[in-house]
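Single-letter residue listing:
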Protein chains: 2
Amino acid sequence: MTDFAKTRAMFDIPEGMIYLNGNSLGPMPKTAPAAMNSFLTEEWQPELIKGWNTKNWFMQTNTLGDRVGRLIGAAPGTTVVGDTLSIKVFQAVAAGLSMVPDRRVILSDNGNFPTDLYMVEGLMKLKNKEYELRIPNPEDVMAGITDEVAVVMLTEVDYRTGRKHDMKAVIEKAHAVGAVVVWDLAHSIGAVPVDVTEADTDFAVGCTYKYLNAGPGAPAFIHVASRLLNDVDPALSGWYGHEAPFAFDTDYRPMPGKIDRMRVGTPSIASFSLLSAALDIWEDVDMNDLRARSIELSELFISEIETRCPGVTFAGPRNPEERGSHVSFRFEHGYPCMQALIAAGVIGDFRAPDIMRFGITPLFINHSDILGAVDVLERILKNETWKEERFQTRSKVT
Amino acid sequence: MTDFAKTRAMFDIPEGMIYLNGNSLGPMPKTAPAAMNSFLTEEWQPELIKGWNTKNWFMQTNTLGDRVGRLIGAAPGTTVVGDTLSIKVFQAVAAGLSMVPDRRVILSDNGNFPTDLYMVEGLMKLKNKEYELRIPNPEDVMAGITDEVAVVMLTEVDYRTGRKHDMKAVIEKAHAVGAVVVWDLAHSIGAVPVDVTEADTDFAVGCTYKYLNAGPGAPAFIHVASRLLNDVDPALSGWYGHEAPFAFDTDYRPMPGKIDRMRVGTPSIASFSLLSAALDIWEDVDMNDLRARSIELSELFISEIETRCPGVTFAGPRNPEERGSHVSFRFEHGYPCMQALIAAGVIGDFRAPDIMRFGITPLFINHSDILGAVDVLERILKNETWKEERFQTRSKVT
């Protein structure tokens, strides 16, 4: 049984804050400053250029990739970290399109995180052929998987409502019609159990700054099914993915049969030290325990809000099995209300037009946080604190 | 007059080491650990998600971009940092090609850093049209600039020999025939004076982990001429370059008229704290002083080696005005000899087949370092220390 009191104690949450935004940016693990300081003073400073060998910097893309991959059921050697999620989406979809060269449709949905759609738009423009990006409503995706589709690109958990796609069903249908599947697991990894191997996805990508707690802008990851590693086209063909990166040949040859070919340029090694510290916390976490606790805390939060906070309407799927690990509510005055919550130390976030969103992250959130957050929301609603002038003005970045 | 004793004291160079590899990975500024710790404990830890506003994380791509841009003569608002150099090369060349849609030739040279060529290879495959990448010898580039050429992509300073292209002459000829120019300044920034504005380049890219000393895998940068900012096509069209990144629209609209459109995904903010600390050192450095001292130290190094080290042959241009800030020598036993040098605390590097390369970095290298390094090399050659068995085996990463 995972000890969640122990994992909670591993984070340095600000005194008096109830942090329900770990789905957006995780809090700092207590070990992060020492891990980073050790990288700076025991690696970069004394080793300098030699650190690429002596401290294994060069292969941290892979050793950390394996540790990230374990959390989504990926086999060792099928995941690397580096770059940003936008770049990894581009790589995966570009590779997917090259596997089905005679088709012209990319299927996503209008609930996908916008940057995934934007990167595909850019890719389609580069391709100099008529491609089409279809974005139906999420519930119409299954019907849209036809033999016109080259690549199905979906985010498993909707960043707004928390609604979860049926990964296995999508992959089965896509493969049956000859389409390639790319999953964005940004809101899944560390949030819900995922088994990319059992589900047999082609590609999966995600980030490590949300539920994995590796810091703002922490590295992204990409997983490629073992069966594709020998043929997958990297598209972003940088020296770090070359068969012989230190031969300095003028021609690109992707590393044969290995996930290394999805590496692009020289990654930030400093950012890897934070990722490594953050991953340590996951060593003793059982994802099924985490899921059970996430559902328990979410159900408590929803029922308390529905009982005590009139006008605030739950906006996600009622069945917890169909949700990820954040919960969303619609409220007419969602924006100023969220500002009032934040001012009172309860941190969630707001997504236009009227959604108040809260991350339920069992690694560091417990029952008393949940009840405490609802207490604050109830008080704000009762005293109409959100009407105060200071909560009415939108900041530039919400 | 720049005080180089003062800048030298700002670095934490290991005791007894003569570090002639700042052209590959710069040493750690003494302020780096405190700067990073302040980011971790005074920004991420207490501010969490709010840090994107309160600590200005969101715009550090631009504020740091301006500070980097100043070192290459770029106007404020024309440079951003983020991603890796490979990604920035891809962005620049893709944008360049879209400006000259009727041409099919990309001109580089066979002395360019290989990843620049690799990224263009990948881009050409994506484009689904017949493109051609020409890589003549560096001295034949000028003659190759014809009206067939869409994009001229060059690294100003050759990573092997230190040979420097004539940036202004290349740009003038390229513009005269209607071609777009992309400069890779990885081996120029912080090494030689560059004025991208006066030279009127279209694009410039580079990294910050070499002469700028921001740590292994530190962020890359891209500069775009002001005159192009309204029309340039980002190709890698991520949310961070969107006109309204927090509107979460499903369609991409590049930030109008601003360098922001060349931002892609969420950058590592931790890596920015190291970059900021490293840039502080440059505040009081005059690039002309630095260049004069780089030439003085290089000339001393070359003449001492030629006098005292028979068999070791200078491999760069004789005229210092035609070199960057590293010097290279051919030596039949270059590989084991460099191993012996490194074992003796003189750090340079080896580039196949026979080049020993040394970075001359006046910020932290002085006359006595230069003379001390030659002493060690002379001793190694005289005693034939490089013949020792332990120096003969190649490590996997050289």
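Look above for the structure.
Residues numbered from 1 in each chain as written. Chains lettered and ligands numbered in written order. Predicted model: local features only at pLDDT ≥ 70, side-chain atom pairs only at ≥ 80, totals over all residues. Heavy atoms only, no water.

Draft legend 1. Broad picture of the overall build of chain A. Within chain A, the secondary structure is distributed over 13 helices and 13 strands. Over its C-alpha atoms chain A spans a radius of gyration of 22 Å, differing by no more than 12% from the 21 Å that the globule rule assigns to 398 residues. If one aligns the C-alpha atoms of chain A with their principal axes, the spans along those axes are about 70 × 55 × 40 Å. Evaluated residue by residue, chain A yields a buried proportion of 64% over its 398 residues. Residue pairs in contact within chain A that sit at least 24 positions apart in sequence constitute 73% of those at least 6 positions apart. Working note: accessible area of chain A is about 13500 Å², and carbon and sulfur atoms make up 49% of it. Charge centroids of chain A, computed over 39 positive and 53 negative side chains, lie 3 Å from each other. (Helix = DSSP H or I, 4+ residues; strand = E, 2+ residues; numbered from the N terminus. Rg over C-alpha atoms; globule rule 2.2 N^0.38 Å. Buried < 20%, exposed > 50% of the residue type's maximum accessible area, 1.4 Å probe, protein only. Contact = heavy atoms within 4.5 Å. Areas by Shrake-Rupley, 256 points an atom, 1.4 Å probe, with all protein chains shown as cover. Lys, Arg positive; Asp, Glu negative; His and termini not counted. Charge placed at Lys NZ, Arg CZ, Asp CG, Glu CD.)

Draft legend 2. Structural view of the packing of helix α5 (residues 85-99) of chain A against helix α6 (residues 114-126) of chain A. Residues and elements named next belong to chain A. Following both chains from N to C, one finds α5 and α6 inclined at 50°, their axes separated by 9 Å at the closest point. Regarding the angle of α5 to α6, the classification is oblique. When the axes of α5 and α6 are compared, the crossing they make is right-handed. Residue-level inspection shows Ser86, Ile87, Val89, Phe90, Val93, Ala94 and Leu97 of α5 in contact with α6, the latter providing Thr115, Asp116, Met119, Val120, Leu123 and Leu126. Residues of the contact of α5 with α6, tallied by class, amount to 10 nonpolar, 2 polar and 1 charged. (Axes fitted to C-alpha atoms, helices over the stretch in contact; angles between N-to-C directions. Parallel < 35°, antiparallel > 145°, perpendicular 65-115°, else oblique. Left-handed = near helix turned anticlockwise from the far one by under 90°. Nonpolar A, V, L, I, M, F, W, Y, C, P; charged D, E, K, R; others polar.)

Draft legend 3. Spatial organisation of unusual backbone geometry. Here the amide bond leading from alanine 352 of chain A into proline 353 of chain A is cis, since omega sits at 0°, within 30 degrees of zero. Looking at the secondary structure, you find proline 353 of chain A in the loop between β12 (349-351) and β13 (355-359). Of note in the backbone geometry, asparagine 56 of chain B takes a positive phi value of approximately 60° without being a glycine. Take asparagine 56 of chain B: its relative accessible area is 35%, and that puts it in the partly exposed class. Notably, phenylalanine 248 of chain B is not glycine yet its phi reads approximately 55°, a positive angle. The residue phenylalanine 248 of chain B is located in the loop between β8 (220-224) and α10 (269-280) in this model. On the accessibility criterion, phenylalanine 248 of chain B (15% relative accessible area) is buried.

Draft legend 4. Up close: the pairing of strand β6 (residues 180-184) of chain B. All names here are of chain B. Burial runs high along β6: 5 of the 5 residues are buried. Examined bridge by bridge, strand β5 (residues 149-155) and β6 share 5 bridges and lie parallel to one another. The residue bridging valine 151 from the neighbouring strand is valine 180, located in β6. This β-α-β element, β5 to helix α8 (residues 167-176) to β6, shows right-handed connectivity. (Pairing = 2+ DSSP bridges. Right-handed = clockwise from strand over helix to strand, strands pointing away.)

Draft legend 5. Inspection of the relation of the copies chain A and chain B at higher detail. The transformation that overlays chain A on chain B combines an axial shift of 0.0 Å with a rotation of 180°, and the residual RMSD is 0.0 Å. The transformation just described matches what one would write down for a two-fold rotation axis. Taking C-alpha positions as reference, the residue of chain A nearest the rotation axis is lysine 127 of chain A, located at 2.3 Å. (Least-squares fit on C-alpha atoms with pLDDT ≥ 70 in both.)

Draft legend 6. Local environment of the interface of chain A and chain B. Counting residues at the interface gives 85 residues for chain A and 85 residues for chain B. A per-residue breakdown of the area chain A buries against chain B is headed by Trp44, Tyr118 and Phe248 of chain A, which together make up 11% of the total. Counting every contact that joins chain A to chain B gives 2 salt bridges. Salt-bridge contacts for lysine 125 of chain A lead to aspartate 233 of chain B; the nearest nitrogen and oxygen are separated by 3.3 Å. Along the contact surface separating chain A from chain B lie 28 residue pairs in polar contact (both at pLDDT 80 or more). The set of elements that each furnish at least two residues to the side of chain A that touches chain B consists of α2 (32-47), α3 (51-54), α5, α6 and α10 (269-280) of chain A. Each residue belonging to the side of chain A that touches chain B can be placed in one class, and the counts come to 48 nonpolar, 26 polar and 11 charged. (Buried area = accessible area lost by both parts, 1.4 Å probe. Salt bridge = Lys/Arg side-chain N within 4 Å of Asp/Glu carboxyl O. Polar contact = N/O pair within 3.5 Å; in protein donor to acceptor, adjacent residues only side chain to side chain.)

Draft legend 7. Just the nonpolar core, in detail. Counting residues in each nonpolar core, the largest one holds 286 residues, and the members touching the most others are Phe301 of chain A together with Phe301 of chain B. Excluding anything up to four places from it in sequence, phenylalanine 301 of chain A contacts Leu20, Val327, Phe329, Phe358, Ile360, Ile370, Ala373 and Val374 of chain A. (Core = buried A, V, L, I, M, F, W, Y, C linked by side-chain atoms within 4.5 Å.)

Draft legend 8. Structural context of the sheet that holds strand β12 (residues 349-351) of chain B. Residue and element names in this part refer to chain B. Spatially, the 4 strands line up as an open sheet ordered β9-β10-β13-β12, and their pairing is antiparallel. Bordering the open sheet on either side are β9 (313-314) and β12, each of which pairs with just one other strand. Judged from the 3 bridges that link them, β12 and strand β13 (residues 355-359) form a sheet pairing that is antiparallel. The residue bridging arginine 351 from the neighbouring strand is isoleucine 355, located in β13. On top of the sheet, helix α11 (residues 287-308) reaches β9, β10 (326-330) and β13; it is set at about 15° to β10, its chief contact. With respect to the sheet, helix α12 (residues 334-343) is in contact with β12 and β13, its orientation differing from that of β13 by roughly 35°.

Function cannot be read off these values alone, since they describe shape.
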